[in-house]
Amino acid sequence: MSRERKILELKEKIEKSKLGGGQALIDKQHQKGKLTARERIYTLLDENSFEELDAFKLHGCNDFGMEKSKVLGDGVVTGYGSIHGRLVFVYSFDFTVFGGSLSKTVAEKIIKVQEMAMKTGSPIIGINDSGGARIQEGVDSLAGYTDIFTQNILASGVIPQISAIVGPCAGGAVYSPALTDYIFMVRKSAYMFLTGPKIVKSVTHEDVTAEELGGADTHATKSGVTHFTYDDEAELFAGVRELIKYLPQNNMEEAPILSSQDPINRIDEDLNYLVPEDTNKPYDMHEVIAKVVDDGVFFEVQKDYAKNLIVGFARLNGKSIGVVANQPKVMAGVLDSNSSNKGARFVRFCDAFNIPVITFEDVPGFMPGTAQEFSGIIKNGAKMLYAYGEATVPKITVITRKGYGGAFCVMNSKNLRGDIVYAWPSAEIAVMGPKGASEIIFSKEITGAENPAQVHTEKMEEYRDKFANPYVAAAKGLVDEVIEPKVTRYKLIKALEMLANKREDNPPKKHGNIPL
Ligand code: HXC
């Protein structure tokens, strides 16, 4: 064969491999409103940056007539490229090849890029649209999944791992995304569940659609399995690109510092008036965050789940920060099991990847009641304590209003190795709120009084005057400084600068035993 013919043959093979299962199935994918595996990669990565690996790899199954249908590259497209000029690895299931099902070959291709991402210390993004284990390959497929899970576990806390769910993701296949740091999901065409509606019907007799059982909104609002939800794939991949901006390449690096035009000493007078004088009146903590961070830009994580706690990424003077904030607008910002799980996982992610944590605190306490106790609020609340306490990244708190009881301890208090705790003059820091406290410590005076309601009100005021302020805590050094709200941005930036070279270690151990 001539040299020219050989080059032509190569070109033809490349073109063929790009068609995956063929044009008819590509058209079918488009008719469903879905992108193909390659289109997804091109949408995600910087233009012309994708370098494909294993495009000619074939499956090795010769049962059930499979030897007659071998598609170049099999059911996944893998390789590397860049996002905002930074190296990332990617794998994208190709639904046009046996429904993107996982063969031994598909698993080997994925594991190869997982290992390369680890070797080079780079984020990895998995794009999921798959019918699950390749049924014709049986146990090989199960072993392949398990090898992928093992890589996910080894990479956890070393490189950022991100999953996009843009089609079916069912059975044990859900566990690879679940082991990664962030799950992005698209509405309507994506679902995740362990067992589908038919099996649910036969086992629990429930009638449920795939969308209700495992659609994007279900996981965004009810289960908390996912972190970001979008209406279409283009928006979803733009979201992944946005998240990457806040992250370092790996656990040995810092997130990139972007240049910021927002003045570090920008004063926001509105902040002085944001907390209502009536301590039981809600306000929106999002407004506080927006007024403090660079250009008001906040990239919220799990925004539709456990809304009583807000978590997400922002920047202060160009430096990436993780924000954790009680939301007085939802359930008065109380901590419950779901918000504790959400907060603890986020703090641990930030700590693993050297992202300082800024906490805005307005918390009346932990949620009482049987529902919470039975849901394990004790162990779930302990996760928050554990996550904050073990974190060695710079940790700064701003107490805007309430800091009561155990919830005060949890929200990055000084005694949990919080580095700097600021309080606004509106802060109320005490073991419990004035109403409950006065009922307990003045119970004899109240019940023995001629007018118990009046005495209760007086005693409540007495308690409020004494404790419902930041100065008792400041006098004991539990608050480093009481600040005017309008200078919060400047104070946080200065404290972050001061903490830039912070070094703090935990005792040597194999790993801790977080109360899971
Ligand atoms: C082999 C598969 C496949 C699979 C789909 N296909 N899933 N081939 N193994 N798991 C093939 C179909 O036969 C079909 O081939 C093509 O992919 C497209 O599938 P359709 O059914 O036409 O597509 P659609 O109607 O969109 O339905 C998608 C689907 C459905 C809901 C995913 O295909 C489905 O239910 N598949 C089986 C899902 C499943 O039970 N998987 C195993 C789960 S157990 P043709 O040739 O007709 O085009 C598991 C264990 C993992 O995953 C454990 C890990 C620890």
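Definitions and cut-offs
Residue numbering note: each chain is counted from 1, following its sequence as written. The predicted origin of the model limits local features to residues at a pLDDT of at least 70 and limits the giving and counting of side-chain atom pairs to 80 or more, whereas totals for whole chains, interfaces and linings rest on all residues. Just so you know, side-chain values use all the structure's heavy atoms and leave hydrogens and water out. Secondary structure elements follow DSSP: runs of H or I of four or more residues count as helices, runs of E of two or more count as strands, with numbering from the N terminus. Classification of residues uses two cut-offs on accessible area relative to the type maximum, computed with a 1.4 Å probe and protein chains only: under 20% is buried, over 50% is exposed, and between them is partly exposed. Throughout, a residue-residue contact means that at least one pair of heavy atoms, one from each residue, lies within 4.5 Å. Near is defined per residue: the residue qualifies when any heavy atom it owns lies within 4 Å of the molecule or strand. In protein, a polar contact means a hydrogen-donor-capable atom and an acceptor-capable atom, both N or O and within 3.5 Å, with residues adjacent in sequence counting only if both atoms are side-chain atoms; elsewhere, any N or O pair within 3.5 Å suffices. Residue-level accessible areas treat just the shown protein chains as cover; the underlying method is Shrake-Rupley with a 1.4 Å probe. Under the grouping applied here, Gly and all other residues not named as nonpolar or charged are polar, the nonpolar ones being Ala, Val, Leu, Ile, Met, Phe, Trp, Tyr, Cys and Pro and the charged ones Asp, Glu, Lys and Arg. Aromatic pairs are defined between Phe, Tyr and Trp rings, using the six-membered ring for Trp, whenever the two ring centres lie within 6.5 Å; interplanar angles under 30 degrees are classed as stacked, those over 60 as edge-to-face, and all others as tilted. When a carboxyl oxygen of Asp or Glu is within 4 Å of a side-chain nitrogen of Lys or Arg, the pair counts as a salt bridge. Convention used here: a crossover is right-handed provided that the path from the first strand, over the helix, to the second strand proceeds clockwise when the strands point away from the viewer. Strand pairing is defined by DSSP finding a minimum of two bridges between the two strands. Axis definition: a line fitted to C-alpha atoms, over the contacting stretch in the case of helices. Angles run 0 to 180 degrees between N-to-C directions. For classification purposes, an angle smaller than 35 degrees is called roughly parallel, one larger than 145 roughly antiparallel, one from 65 to 115 roughly perpendicular, and anything else oblique. Crossings are assigned a handedness: left-handed for a near helix turned anticlockwise from the far helix by less than a right angle, right-handed for a clockwise turn.

Enquirer: Before we move on, can you summarise the overall build of the protein with the specific residues and values?
Expert: For the protein, the helix and strand inventory stands at 20 helices and 17 strands. In terms of overall dimensions, the protein has C-alpha extents of about 105 × 55 × 45 Å along its principal axes. Considering the protein as a whole, with its 516 residues, one finds that 52% of them fall into the buried category. Excluding contacts between residues fewer than 6 apart, the proportion of contacts in the protein whose partners are at least 24 apart in sequence is 73%.

Enquirer: So what's going on with the site of the ligand? Residues and values would help.
Expert: Taken together, 17 residues sit near the ligand, with Lys32, Gly99, Gly131, Ala133 and Ile135 positioned nearest. Contact between the ligand and glycine 131: a nitrogen atom at 2.7 Å from a main-chain N or O atom of the residue. The backbone of isoleucine 135 places a nitrogen or oxygen atom 3.1 Å from a nitrogen atom of the ligand. Its free accessible area being 1,000 Å², the ligand has 52% of it covered by the protein chains. Of the residues forming the shell around the ligand, the biggest block, three residues, is contributed by helix α5 (residues 139–155). For the shell around the ligand, a count of residues per class yields nine nonpolar, six polar and two charged.

Enquirer: A description of the packing of aromatic side chains should follow, citing residues and the corresponding values.
Expert: To describe a pair of aromatic rings, you give the distance between the ring centres and the angle between the ring planes. Summed over the entire model, instances satisfying the criterion amount to 17 aromatic pairs. Here phenylalanine 228 and phenylalanine 299 contribute two aromatic rings whose centre-to-centre distance is 5.1 Å and whose plane-to-plane angle is 25°, an arrangement assigned as stacked. One end of the pair, phenylalanine 228, is in strand β9 (residues 228–230); the other, phenylalanine 299, is in strand β10 (residues 299–301), with 71 residues separating them in the sequence. As far as the burial class goes, phenylalanine 228 and phenylalanine 299 line up, both buried.

Enquirer: Can you lay out the pattern of salt bridges for me, pointing to particular residues and giving the numbers?
Expert: Pairing between side chains of opposite charge can happen when the charged atoms of each approach one another. Under the counting rule described, the total for this entry stands at 34 salt bridges. Across the salt bridge formed by lysine 459 and glutamate 462, the nearest N and O atoms sit 3.4 Å from each other. Here lysine 459 pairs with glutamate 462, and both are found in helix α18 (residues 452–467), just three residues apart, close to one helical turn. For glutamate 462, a relative accessible area of 43% gives the class partly exposed. Among the ionic pairs, lysine 494 bridges to glutamate 497, the shortest N-O distance being 3.2 Å.

Enquirer: How would you summarise the pairing of strand β13 (residues 357–363) if you had to cite specific residues and measurements?
Expert: Burial of β13 is extensive: seven of the seven residues sit out of reach of the surface. Burial along β13 is two-sided: Val357, Thr359, Glu361 and Val363 facing one way and Ile358, Phe360 and Asp362 facing the other are all buried. Handedness of the strand β12 (residues 319–326)-helix α12 (residues 337–352)-β13 crossover: right-handed. In this sheet, strand β14 (residues 395–404) lies alongside β13 in parallel orientation, the contact comprising six bridges. By the bridge assignment, phenylalanine 360 is partnered in β14 with valine 398.

Enquirer: Explain the packing of helix α16 (residues 434–441) against α18 residue by residue, including any values.
Expert: In the contact formed by α16 and α18, the axes pass within 8 Å of each other and the chain directions differ by 115°. If you check the angle between α16 and α18, you find them roughly perpendicular. The two elements α16 and α18 meet at a crossing, and its hand is right-handed. Contacts between α16 and α18 involve Pro434, Lys435, Ala437, Ser438, Glu439 and Ile441 from the first element and His456, Lys459, Met460, Tyr463 and Arg464 from the second. Class assignment for the residues of the contact of α16 with α18 results in five nonpolar, two polar and four charged.

Enquirer: Lay out the side chain of serine 141 with the relevant residues and their values.
Expert: Structurally, the position occupied by serine 141 is in helix α5. With a relative accessible area of 0%, serine 141 lands in the buried category. Contacts of serine 141, omitting those with residues within four sequence positions, involve Leu102, Ala133 and Arg134.

Enquirer: Give me helix α9 (residues 216–223): which residues, what numbers.
Expert: For an α-helix the count is 3.6 residues per turn, leaving residues at separations of three or four pointing the same way. Taken together, the buried positions of α9 are occupied by Ala216, Thr218, His219 and Ala220. Tucked inside the fold, the buried residues of α9 contact β7 (182–186), β8 (191–193), α8 (210–214) and β9. Directly after α9, the chain includes glycine 224, whose backbone phi takes a positive value near 70°.

Enquirer: Pulling in residues and values, what's your account of the sheet that holds β7?
Expert: Read across the sheet, seven strands follow the order β1-β2-β3-β4-β5-β7-β9 without closing on themselves; strand pairing throughout is mixed. In the strand order of this sheet, the two ends are held by β1 (51–53) and β9, each with one partner. Averaged over all pairs of adjacent strands, the angle between their axes in this sheet comes to 20°, without regard to strand direction. Judged from the three bridges that link them, β7 and β9 form a sheet pairing that is parallel.

Enquirer: So what's going on with the environment of lysine 57? Which residues, and what values?
Expert: Here lysine 57 is to be found in the loop between β1 and β2 (76–83). You can call lysine 57 partly exposed: its relative accessible area is 25%. Along the backbone, lysine 57 and valine 88 are 31 residues apart, and their C-alpha atoms lie at a distance of 21 Å. Ignoring any residue separated from it by four or fewer positions in sequence, one finds lysine 57 in contact with Val71, Leu72, Gly73, Asp74, Thr105, Glu108 and Lys109. Of note is the side chain of lysine 57, whose polar atom sits 2.8 Å from the side chain of glutamate 108.

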